Amino acid sequence: MNFIRPEARVAIWRWRELIVAALMLLVGLKWAFTSYGVTEVTGWALIMVGLIIAVVGAQRLRFRLGADGPGVVRVDEGQIAYFGPLTGGAVATSELQRLRLDHTAKPPHWVLEQEGQAPLEIPVNAAGHEALFDVFAALPGLRTERMLSELRRNGPHQVVIWERASLRPAHQRLH
């Protein structure tokens with residue numbers, strides 16, 4: 001027996017990190033300003049953790065575009081697998097060479113390139129795409145805010161979001 005409508009459950013689940021962060025902030029503020037000793041210190045700690053969760057939750061919220069796209073994404077032990085209706089494949093995150101965002105495809109696709117394999121194209125709204133945020137955020141040197149802003153842009157273009165540093169020619173490196 002469900003007491004919450006399916007649409008409301010989906011909305012709550014989409015905003016889950018920010019709801020938890022707000023609750024932590026409220027409890028932390030109450031404890032920090034109305035208590036003494038250990039409870040006051042715990043309140044300030046809850047405020048700090050709540051702020052961190054709010055920042056990460058806001059980024060994750062911007063990454064989620066719905067899960068009504070074609071195919072399913074699975075991330076398991078350092079491997080990204082995509083099972084689509086027409087294509088599919090797998091890429092090891094440790095072997096990932098380049099990450100592109102292709103807005104020319106409908107819906108837009110993440111394009112993951114690995115040496116010696118055909119590029120793996122994953123729709124940005126495939127089921128399970130939320131797991132890609134953690135994988136992408138762990139890539140060395142990836143700027144999360146840039147990735148999120150490129151994800152929201154429209155227009156027929158492709159953009160390289162991340163590239164392994166060893167692939168860039170020396171004259172194109174900043175450091």
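Residues numbered from 1 in each chain as written. Predicted model: local features only at pLDDT ≥ 70, side-chain atom pairs only at ≥ 80, totals over all residues. Heavy atoms only, no water.

*Asks:* Explain the packing of helix 3 (residues 38-63) against helix 5 (residues 144-152) residue by residue, including any values.
*Replies:* The relative placement of two packed helices is expressed as an angle between their axes plus a distance between the axes. Remark: helix 3 packs on helix 5, axes separated minimally by 9 Å, with the N-to-C direction vectors making an angle of 30°. On the basis of the axis angle, helix 3 is roughly parallel to helix 5. Crossing of helix 3 over helix 5 shows left-handed handedness. On the side of helix 3, the interface is formed by Q59, L61, R62 and F63, while helix 5 contributes T144, E145, M147, L148, S149, L151 and R152. (Axes fitted to C-alpha atoms, helices over the stretch in contact; angles between N-to-C directions. Helix = DSSP H or I, 4+ residues; strand = E, 2+ residues; numbered from the N terminus. Parallel < 35°, antiparallel > 145°, perpendicular 65-115°, else oblique. Left-handed = near helix turned anticlockwise from the far one by under 90°. Contact = heavy atoms within 4.5 Å.)

*Asks:* Just give me the short version of the pairing of strand 5 (residues 109-114), but keep the residues and values in it.
*Replies:* Most of strand 5 is tucked away: six of the six residues are buried. Alternating residues of strand 5 divide into H109, V111 and E113 and W110, L112 and Q114, and every residue in both groups is buried. Judged from the six bridges that link them, strand 4 (residues 96-102) and strand 5 form a sheet pairing that is antiparallel. Directly across from L99, in strand 5, lies its bridge partner L112. Hairpin remark: strand 4 followed by strand 5, antiparallel, with six residues in the connecting loop. Relative to strand 6 (residues 120-123), strand 5 runs antiparallel, the two being bridged by four bridges. Pairing of L112 across the sheet is with L120, part of strand 6. (Buried < 20%, exposed > 50% of the residue type's maximum accessible area, 1.4 Å probe, protein only. Pairing = 2+ DSSP bridges.)

*Asks:* Provide a residue-level description of the sheet that holds strand 4, including the pertinent values.
*Replies:* Backbone hydrogen bonds hold the strands of a sheet together, and the pairing may be parallel or antiparallel. Reading across from one edge, 6-5-4-7 is the order of the four strands in this open sheet, with antiparallel pairing throughout. Both edges of this open sheet fall to strand 6 and strand 7 (158-163), since each of them pairs with a single strand only. Shown here is a sheet whose adjacent strand axes are inclined to one another by a mean of 25°, direction ignored. The strands touched by helix 5 are strand 4, strand 5 and strand 7; relative to strand 7, the strand with the most contacts, the crossing angle is about 160°.

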